[in-house]
Amino acid sequence: MSNTVTRDTFDQVMVPNYSPAGFIPVKAEGSRVWDQQGREFIDLAGGIAVNSLGHCHPEVVAALTEQAGKLWHVSNVFTNEPALQLASALVEKTFAERVFFCNSGAEANEAAFKLARKYAADHYSADKYEIISCTNSFHGRTVFTVNVGGQPKYAEGFGPNPAGITHVPFNDIDALKAAISDKTCAVVIEPVQGEGGVLPADPAYLQAARELCTAHNALLVFDEVQTGVGRTGSLYAYQEYGVTPDILSSAKGLGGGFPIGAMLTTAAIAKSLAVGTHGTTYGGNPLASAVAGKVVEIVSRPEVLAGVRAKHQRFVDGLNAINAKYNVFKEVRGMGLLIGAVVSDEFAGRARDFLKAAEAEQLMVLVAGLSVVRFAPSLVIAEQDIDDGLARFDAAVAAVVAASRH
Ligand SMILES: *Cc1c(COP(=O)(O)O)cnc(C)c1O
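Residues numbered from 1 in each chain as written. Predicted model: local features only at pLDDT ≥ 70, side-chain atom pairs only at ≥ 80, totals over all residues. Heavy atoms only, no water.

Convention followed: UniProt positions are given in the numbering used here, feature names are shortened, and annotations may be inferred rather than shown by experiment.
An unreviewed UniProt entry lists the chain under the name Acetylornithine aminotransferase, with Vogesella aquatica as the source organism. The annotation that UniProt attaches to the chain under Subunit (unreviewed entry) is "Homodimer."

Put into C-alpha cells, the structure is as follows:
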C-alpha cells in the first residue's frame, strides 16, 4: 500500500512549493524514523522544532486515542473540556490570563497583530497602527505575517503589501529606540530568531524593548512559535530571559506534531477581541487540545526541562569536537535544544550541503538560512541517540570536507 506512492509522486500531484528529501518516512518512534525501504534515520530535526516529545510518545498517543474515542470537533459555537483544560494550564504556567487557540504559528501571529492594532484603536487612536519587527525575523506565511517578517523574499510577488510595518536590525537597541513612537502599536520579537539563523536575543535588548514599549503604550509581542514549550529549557523563553511580553504566540512544539497554535495575553488586552471580532473554525479542537494538554504537562516536568539544558551541553560539546577535527564552523550557538552551527567563510551559503550529506548518512537535520545548520530534536531525545546522531553528522561533515578540499 505505502509503496504505491513514491517521491516521484510528489512532483506529479503536489504544488511545487516544497522540495522534500528523497526518502519518505513511514514510521517513527522516539528519535528514530524509518522510510519506505525500512532504512532507519536518526531525527535531529524534530519536524522543525515541532516533535517536542519525539515520535509517538506513549503518553501522547494515549491522550490522542482516548480523545479520539470521545469527541473530535464541535466548533467554537460550543466550548470543550480539552480546550478549557489546556487554556487553564497555560494560564497557570505563564504570565497569560487569556488564551486564543488556532491551528498554526502564522495564525497565532495573525491574531496577535490584529489584537495589537485593535487594542491601540480601542484605547488610543486609529493612527496608532505601526508594527515594528526585526530584520531577518520570521512570523509565518499569511500575507500579513510575511510582511511583518523581516525576510522580503517571502513577501515578493504577493502585493500590494499591508502598510504600517517597519523593520529594525535585531539586537540593536538604538535602532529600536529611533523607530518606536506613539504611533507604534506593537513591537514583535523572536527571543531566539529561528529561521533567521538560530540567533538568541541579548537579554539587554529584550529588556530595552520592554521598557520602550511601556513608555510608548505599545504592546510587546514575543513570537515563541519556535522557542516555546520547553525548547530553550524553560516552558517559554521569556521566562528564561525574565522579560514578560504583553502577547505571546505559540505553536510548533505545543502540539508535539498535532497542529495547534495559541495566542496568550492578559485579561485587559484580551478584551479588545470581543465577541465576533476574530475566530477560526478549528481553533481549540478537542483532539488538538487533548494532545497539547498532555505535551504541556510532560514538558513542564522539572526533569524534562533540566534534561533540555543537559542535552544542550552534550550537543554543543559534540559539535565543538567535530569542529575541532574539520574546522568547518565559526560558531555553535542557540539555547536549549535549538542549536545552530554557523558554517565558516569557506562554506558560506552552503549549509544545505551538510543537510544533504546528513541525509546520505541517514540523519535528519535542518538549515536556518543559507549558512547555519540547525538542530531541533526531541526534548526527551536519549543520550545514545544524540551520540549516534552526532557520529553520523561527523561522517556527513567528513564527506562535505572531502568533496570540497581534495
Ligand atoms: C514556524 C514559525 C512560524 C510559523 O508557524 P506556522 O505553523 O508554519 O504557521 C512563525 N514564527 C516563528 C518564529 C516560527 O518559527
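Past the structure itself, the notes keep going.
1. A look at the sheet that holds strand 15 (residues 363-364)
Rules: Pairing between two strands requires that DSSP report at least two bridges joining them. Helix and strand definitions here come from DSSP, where helices need a minimum of 4 consecutive H or I residues and strands a minimum of 2 consecutive E residues; each element is numbered from the N-terminal end. Note on contacts: a residue pair is in contact if any heavy atoms of the two residues lie within 4.5 Å. Only the contacting stretch of a helix is used when fitting its axis, a line to C-alpha atoms as for every element, and angles between N-to-C directions run 0 to 180 degrees.
Read from one edge to the other, the open sheet built from four strands follows the order 1-2-3-15, with strand pairing classed as mixed. Bordering the open sheet on either side are strand 1 (25-29) and strand 15, each of which pairs with just one other strand. As judged from the four bridges shared by strand 1 and strand 2 (residues 32-35), these two strands associate in the antiparallel manner. Note that in strand 2 the partner of Glu29 across the bridge is Arg32. On top of the sheet, helix 14 (residues 383-405) reaches strand 2, strand 3 (40-43) and strand 15; it is set at about 105 degrees to strand 3, its chief contact.

2. Some remarks on the UniProt feature "binding site: pyridoxal 5'-phosphate" (unreviewed entry) in the chain
Put simply, the test is: When a residue's accessible area, from a 1.4 Å probe over protein chains only, is under 20% of the maximum for its type it is buried; when over 50% it is exposed; and in between it is partly exposed.
Mapped onto this numbering, the UniProt entry gives "binding site: pyridoxal 5'-phosphate" (unreviewed entry) at Gly105, Ala106, Phe138, Asp223, Glu224, Val225, Gln226 and Thr281. A maximum C-alpha distance of 24.9 Å is found for the annotated residues, which run over 177 residues; spatially they are spread out rather than grouped. Inspection of the secondary structure puts Ala106 in helix 5 (residues 105-123). Overall, Ala106 belongs to the buried group, its relative accessible area being 15%. Non-local contacts of Ala106, meaning those with residues more than four positions away in its chain, are made with His139, Gly140, Arg141, Thr142 and Thr145. Examined against the element boundaries, Thr281 turns out to sit in the loop between helix 10 (267-270) and helix 11 (286-299). Setting aside residues up to four positions removed in sequence, Thr281 forms contacts with His73, Ser75 and Asn76.

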